[in-house]
Amino acid sequence: MIRFRVFLVYPPPWKKGKRREKESNMQSQKVCDTPTHLSPPYKGGLGGFLNQSTVLRRETTEPAADRWSFVAIIYVFHIILFWFSNPKVATGETHPKSDSFCVQELPQKIDKIITDPESASRWGIMIQPWFSQEVVYQRNADQFFIPASTVKLFTSAIALNQLNPNFQIVTPIYTEGNPPDLEELKIIGRGDPTLTTNDLETLAETLKKQGVRSLKRIVLETGYLPSPAINSTWEWEDVYAAYGTGINDFILDENSVTLTLRPQALGEAVSIAWNNAIAASQWKLNNQATTAPPNTNYQIELQGNLGTSQLSLSGKLPQRIKKDVWNLAIPNPNHYFRDQLLNTLAKQGITVNQVQFLPISPTQMTDTKLMTFASPPLEELVGELNRESNNLYAEALLKILIAETNPEMIEQALIGFGLFPNDYQLADGSGLSRRNLATPSAIAQLLQGMLSSENAEIFQSSLAVAGVSGTLKNRFQGTELQGNLQGKTGTLTGISALSGYLNPPSYQPLVFSILLNHSQLSASEQREKIDRILLLLWQIKQC
């Protein structure tokens, strides 16, 4: 899917340009839908999180009558949608398949899947109809679990309801003076996670067309987003990865850089190549990795030195592996934005005397708006956030929400969905922190609450579809769930989760939340058990 960015240029015209679609993960074998511990979790909202110090740790009001009328309309809409989207119901072919079974048998069948003394796994499950408090199945549903990336359901639901689907993150740009020698170029950072180097090139080209040849100073205004840039409850190995990059006012190219390793002759050092020289200059890489015979086990390790920009590469890379790709965070994103801006201006022959980072200040009468970068609408950002499990988008949107409202808004918004502070503890917006906690009941309640929201369709469409898109694209392929389940995945070491919506052909539509913690099983084995549970749900019928 191609996304378009809007450039508001004063004077016009409008311009469009591509932007990168997907987040970068560090490595396929590293932890992540994303994938210890300094500060206590922050119960309810995230007000406490905002006051944490930046420490890296090691190891992803309307009237009641109108409201209920609206809910009734939404309910009817969903029933009609379910009727026509389900071929068996729409054509009258409602006879259950031979392998269907009565819903009363479900507990025994699920218990058989999850009961495994050797795996030492802890399960939390809640399965309910869309618009009912009836429980189809539950296990530890009111106990806390680490939800991993299903925390993004909270972030996206709040963002849609507190802002609006058409909300855009706006980065205004002002000038002072007259060409060819401007006194000042001022950019106000707003934490837009979609900005790319292409946008800076557009800015440089606009200045050149207006006859600008020099800038006395560039002012980059910061302070819009709350601090710190990196959550102190994240494991310190994660902050070196692209999926754990910092969230700052001037995000550029998703604050990530790609390192590619390639084998050479036996015994020789592996070759290294960065996709971006300016971003790569922030890292000091000590390459001690060597090339090994084709049948050698993969043994590459990349380790960072906490609090520094030093990386140590060691181990052996088999010759059979043509390339080994690592997607890394940029250590100082604000400086990367500055350096990339200077580079693009230099390419257009524009010189700069001074660059300053300053706190946001009121716009002066002498300032002239040059142009504005506007992100894609929130509806599209939420789609990237949930469908692709983009941590950067989740964290940026959470901070923007707080900047636009206040920290207490998180708790108030969730009360609107029927959730209360003792149902969850949130430490971030992406789920990368192991200090996040939620009950399966709370997640199911959130899913039910969004069904009654005016943004219900957008929210559901933002989720990955089984066997079709996002983080569920390679799951449930060739099964009856392909195309019939919408959900949000979550993965950390020893943790797997999947929550969402399912429409069984012989039963009413369901919301489900399945959380697996403390598992000794491999990630693929964890997913396989969750998938078997959901395949069972497809077969239930009312008896």
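All of the points below concern the structure found in this document. (Residues numbered from 1 in each chain as written. Predicted model: local features only at pLDDT ≥ 70, side-chain atom pairs only at ≥ 80, totals over all residues. Heavy atoms only, no water.)

## Regarding the nonpolar core
So, step 1. Counting residues in each nonpolar core, the largest one holds 54 residues, and the members touching the most others are F154, L378, L414, L419, L446, F459 and Y501.
So, step 2. Looking at this core, the elements with two or more residues in it are α4 (151-162), α8 (378-387), α9 (391-404), α10 (409-416), α11 (440-451), α12 (456-461), β24 (495-502) and β25 (510-517).
So, step 3. The greatest single-element share of this core, amounting to nine residues, is contributed by α9.
So, step 4. By size, the runner-up hydrophobic cluster in this structure holds 53 residues, among which are I173, A204, L341 and L492. (Core = buried A, V, L, I, M, F, W, Y, C linked by side-chain atoms within 4.5 Å. Buried < 20%, exposed > 50% of the residue type's maximum accessible area, 1.4 Å probe, protein only. Helix = DSSP H or I, 4+ residues; strand = E, 2+ residues; numbered from the N terminus.)

## Quick look at the pattern of salt bridges
So, step 1. Using the criterion set out here, one finds nine salt bridges in the structure.
So, step 2. Put simply, E184 and R217 hold a salt bridge, and the shortest N to O gap is 2.8 Å. With E184 in strand β7 (residues 181-188) and R217 in strand β8 (residues 214-222), this residue pair connects regions lying 33 residues apart in the sequence.
So, step 3. Here D367 makes a salt bridge to K186, at a shortest N to O gap of 2.9 Å. Here D367 is found in the loop between β18 (355-359) and β19 (368-374), whereas its partner K186 is found in strand β7, with 181 residues between them in sequence. Like D367, the residue K186 is buried in the burial classification.
So, step 4. Three or more residues are tied together by salt bridges with common partners; here these are K186, E221 and D367. (Salt bridge = Lys/Arg side-chain N within 4 Å of Asp/Glu carboxyl O.)

## A look at the sheet that holds strand β14 (residues 310-314)
Backbone-to-backbone hydrogen bonds join strands into a sheet, with any given pair of strands oriented parallel or antiparallel.
So, step 1. Spatial ordering of the open sheet is given by β11-β14-β13, a layout of three strands whose pairing is mixed. Only two strands of the sheet have a single neighbouring strand rather than two, namely β11 (284-287) and β13 (301-304). For this sheet the average axis-to-axis angle between neighbouring strands, irrespective of direction, equals 20°. (Pairing = 2+ DSSP bridges. Axes fitted to C-alpha atoms, helices over the stretch in contact; angles between N-to-C directions.)

## Some remarks on the packing of α4 against α11
So, step 1. Running from amino to carboxyl end, α4 crosses α11 at an angle of 30°, the nearest separation of the two axes being 11 Å. Here α4 lies roughly parallel to α11, going by the angle between them. The chirality of how α4 crosses α11 is left-handed. On α11, the residues that touch L153, F154, A157 and N161 of α4 are I443, L446, L447 and M450.
So, step 2. A breakdown of the residues in the contact of α4 with α11 according to their chemical character gives seven nonpolar, one polar and no charged. (Parallel < 35°, antiparallel > 145°, perpendicular 65-115°, else oblique. Left-handed = near helix turned anticlockwise from the far one by under 90°. Contact = heavy atoms within 4.5 Å. Nonpolar A, V, L, I, M, F, W, Y, C, P; charged D, E, K, R; others polar.)

## Focus on the pairing of strand β9 (residues 256-262)
Within a regular beta strand, the side chains point alternately toward one face of the sheet and then the other, so they alternate between its two faces.
So, step 1. Most of β9 is tucked away, with six of its seven residues classed as buried.
So, step 2. Sheet topology note: the β9/strand β16 (residues 324-329) ladder contains six bridges and is antiparallel. Its bridge partner being in β16, T260 is matched across the sheet by V325.
So, step 3. Sheet topology places β9 next to strand β10 (residues 271-274); four bridges connect them, and they run antiparallel. Considered in β10, the bridge of R262 is made with S271.

## Details of the sheet that holds strand β5 (residues 137-139)
So, step 1. Taken in spatial order, the six strands of this open sheet run β5-β4-β25-β24-β23-β22, and their pairing is antiparallel. Strand pairing shows two members of the sheet lacking a second neighbour, β5 and β22 (464-465), which therefore form its edges.
So, step 2. The sheet contact formed by β24 and β25 spans seven bridges and is antiparallel. Pairing of Y501 across the sheet is with V511, part of β25.
So, step 3. Strands β4 (122-129) and β5 of the sheet are contacted by helix α3 (residues 106-114), whose axis makes an angle of about 40° with β5.

## Looking at the state of the cysteines
So, step 1. Following the criterion strictly, the structure yields one disulfide and no others.
So, step 2. Covalently, C102 is tied to C543 through a disulfide, its sulfur atoms 1.8 Å apart. Its S-S torsion of about -90° marks the bond between C102 and C543 as left-handed, since a negative value means left-handed. Note that C102 is positioned in strand β3 (residues 101-102) and C543 in the segment after β26 (540-541), a separation of 441 residues in sequence.
So, step 3. Classification of C102 by relative accessible area gives buried; the value is 19%. (Disulfide = S-S within 2.5 Å.)

## Concerning unusual backbone geometry
Glycine aside, negative phi is the norm for most residues, and most peptide bonds take the trans geometry.
So, step 1. Put simply, P179 and P180 share a cis peptide bond, and its omega is 10°.
So, step 2. Secondary-structure assignment places P180 in the loop between β6 (170-178) and β7.
So, step 3. With phi around 55°, E254 is a residue other than glycine that occupies positive phi space.
So, step 4. In this fold, E254 is placed in the loop between β8 and β9.
So, step 5. Its identity is not glycine, yet N255 carries a phi of approximately 55°, on the positive side.
So, step 6. Relative to the helices and strands, N255 is located in the loop between β8 and β9.
So, step 7. The class for N255 is buried, based on a relative accessible area of 0%.

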